[in-house]
Amino acid sequence: MPRGPVDSSRIPRFAGFATFARLPRLDEVEHADVAVVGVPFDSGVSYRPGARFGPAAVREASRLLRPYHPGLDVSPFEQLQVADAGDIACNPFNIGEAVETIQHAAASLDSRLVTIGGDHTIALPLLRAAADKHGPVALLHFDAHLDTWDTYFGAEYTHGTPFRRAVEEGLLDTEALSHVGIRGPLYGKRDLDEDRRLGFGIVTAADVLRRGLDEVIDALRQRIGDRPLYVSVDIDVLDPAHAPGTGTPEAGGLTSRELLEILRGLAGANLIGADVVEVAPAYDHAEITSVAASHVAYDLISLLALKEKP
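Residues numbered from 1 in each chain as written. Predicted model: local features only at pLDDT ≥ 70, side-chain atom pairs only at ≥ 80, totals over all residues. Heavy atoms only, no water.

Q: Help me understand the packing of helix α8 (residues 213–224) against helix α9 (residues 256–264), please; the structure alone is not making it clear to me.
A: The relative placement of two packed helices comes down to the angle between their axes together with the axis-to-axis distance. Running from N to C, α8 and α9 cross one another at 40°; their axes reach a closest spacing of 10 Å. Judged on the interaxial angle alone, α9 and α8 are oblique. α8 and α9 meet at a crossing whose hand is right-handed. Counted together, L213, V216, I217 and L220 of α8 and E258, E261 and I262 of α9 form the full contact between these two elements. Class assignment for the residues of the contact of α8 with α9 results in five nonpolar, no polar and two charged. (Axes fitted to C-alpha atoms, helices over the stretch in contact; angles between N-to-C directions. Helix = DSSP H or I, 4+ residues; strand = E, 2+ residues; numbered from the N terminus. Parallel < 35°, antiparallel > 145°, perpendicular 65-115°, else oblique. Left-handed = near helix turned anticlockwise from the far one by under 90°. Contact = heavy atoms within 4.5 Å. Nonpolar A, V, L, I, M, F, W, Y, C, P; charged D, E, K, R; others polar.)

Q: So what exactly am I meant to see when it comes to the sheet that holds strand β8 (residues 271–277) here?
A: Pairing between sheet strands relies on hydrogen bonds along the backbone, with the strands arranged either parallel or antiparallel. Taken in spatial order, the eight strands make up an open sheet running β2-β1-β3-β8-β7-β4-β5-β6, and their pairing is parallel. Pairing within the sheet leaves two strands with one partner each, and these edge strands are β2 (82–87) and β6 (200–204). Each adjacent strand pair in this sheet contributes to an overall mean axis angle of 15°, direction not counted. Summarising the sheet, strand β3 (residues 112–117) and β8 pair through three bridges and their orientation is parallel. (Pairing = 2+ DSSP bridges.)

Q: Looking at this structure, I do not really get the nonpolar core. What am I missing?
A: The nonpolar side chains of a soluble globular protein tend to be buried with one another. Core analysis: the biggest nonpolar cluster contains 54 residues, and F20, F142 and V231 have the highest contact counts within it. The dominant element in this core, judged by the number of residues it contributes, is helix α10 (residues 288–308), at ten residues. Each residue touching F142, except ones within four places of it in the same chain, is listed here: V180, V231, S232, V233, D234, V237, L259, I262 and L263. Membership of the second largest hydrophobic core comes to 33 residues, among which are I102, A106, A166 and V167. (Core = buried A, V, L, I, M, F, W, Y, C linked by side-chain atoms within 4.5 Å. Buried < 20%, exposed > 50% of the residue type's maximum accessible area, 1.4 Å probe, protein only.)

By themselves these figures say nothing about function.
What follows is the structure, encoded as structure tokens:
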């Protein structure tokens, strides 16, 4: 029987260790089917810093999560042993070294990972670790931005470049790549042309509004098929009204309800790992952003549990 969260009827939610959802630490269980791991790294940001404090904020906001998910009809912490693996400590002054550290640390964890960032640079080493185990994976990328640019100031590894590098390195199945929530100004139309050349399909934030959730979910499911799927969620996919605490906010985004419903529409998909990134608590108000991110992580864990449900 998996060891679950601390009993909130015996120990108040505002007391005790701030592990994700008050789950046991990895060193307190023999094995974890799913490990929640933080990566407090934000040296790849191009605008507002602070996502290095995201993992701690999301853990704190997750204290109110409960063990049964009615939307998916699953009790993830009973179905799987989920544990908090703490943070991956990486060099904040050397992006290349940090990327290597994250990749090796992720590969060493014998669990499926739900990773809390940190900035979006961390998606590249996480995808390297995933592809080492599963081969090229399908990618569902929730974001206001494409993150397929080539360089910033000549730097190849930033929070705006991970998915271009991932395609170039053969980590992704280019028949099953999708952005969701894209919006806002670009540097030029060439950005879209290059993104298309890399193999990505785009569902804009306006598409979600105009086409509706069911049609969007169906299109994404058809594109993904039964391939091994990695989900990467930049919290700025949400409108700043729902996620003010992030580094590069853009008006006109998804609501938290829309994001969670799209994730729940992935029930039964072959999910193999995920990340939630770009929570910058210094710009947050009343934990709005970190609460949203904690629920996104909880839904991703629930999807992994649903996959294993008899």
